[in-house]
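Structure assessment
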Amino acid sequence: MMGGGQQQLQQLSQELQALDEEIESLEAEVSDLNDEKDEIDEAVEAIETLETGSTVQVPLGGDAYLRAEVQDIDEIVVSLGANYAAEQEQSTAIETLRRKQDALDEEIASVRGQIEELEEESDEIEEQAMQAQQQMQQQQMQQMQQMQGEGDDGDDE
């Protein structure tokens, strides 16, 4: 009888661990999406402050940069996703980047919703585990009392 309770506890513990790992993974996803939003903020800020003739540092990769002059601020190449990019004017480029941020916000909200559902599920499982543990303890207590009772012959006089 004790074996079943122990097995149930172990199963609940494994489910909790799996949920925790899934929650951690989703939280990392939210963090990545927020980083992406920050990068867009930096790009928008740069586009808003730069003008034709501004000097910028262009990353070449491997932590190497090159100074360059902005030829035309209304020729900004913006990635549209799916390996497509388009040359856009300053204001259009900013609108495109803001739309990307809105899409990221929706994705973040969706992932956070998933996290909340998993946390609720996790709370329910923890509750079940506590109940299972209490039941096991009660059964052990009853068994102990029965064993003590068997020691007596029931004759107190």
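Structure shown above.
A few points on the structure. (Residues numbered from 1 in each chain as written. Predicted model: local features only at pLDDT ≥ 70, side-chain atom pairs only at ≥ 80, totals over all residues. Heavy atoms only, no water.)

Turning our attention to the environment of Arg-98. Tracing the backbone shows Arg-98 in helix α2 (residues 90-151). Sequence separation between Arg-98 and Val-44 is 54 residues, and the spatial gap between their C-alpha atoms is 8.2 Å. Sequence-distant contacts of Arg-98, that is, excluding residues within four places in its chain, are made with Asp-41, Val-44 and Glu-48. Of note is the side chain of Arg-98, whose polar atom sits 3.4 Å from the side chain of Asp-41. (Helix = DSSP H or I, 4+ residues; strand = E, 2+ residues; numbered from the N terminus. Contact = heavy atoms within 4.5 Å. Polar contact = N/O pair within 3.5 Å; in protein donor to acceptor, adjacent residues only side chain to side chain.)

Below, the discussion takes up the pairing of strand β3 (residues 76-81). In terms of strand pairing, β3 meets strand β4 (residues 84-88) through five bridges, oriented antiparallel. If you follow Val-77 over to β4, its bridge partner there is Glu-87. With antiparallel pairing between neighbouring strands as the criterion, β3 and β4 make up a hairpin whose turn holds two residues, including Ala-82 at a positive phi of roughly 55°. (Pairing = 2+ DSSP bridges.)

Moving on, we come to the side chain of Lys-37. By the element assignment, Lys-37 lies in helix α1 (residues 2-49). Looking at Lys-37, its side chain comes within polar contact range of the side chain of Asp-105, at 2.6 Å.

Mapped onto the fold, Ser-54 is located in the loop between α1 and β1 (55-61). Once the C-alpha coordinates of Ser-54 and Glu-106 are considered, the two residues, 52 residues apart in sequence, prove to be 35 Å apart. Excluding residues within four positions of it along the chain, Ser-54 makes contact with Ala-68, Glu-69 and Val-70. At 2.8 Å, the side chain of Ser-54 and the backbone oxygen of Glu-51 are in polar contact.

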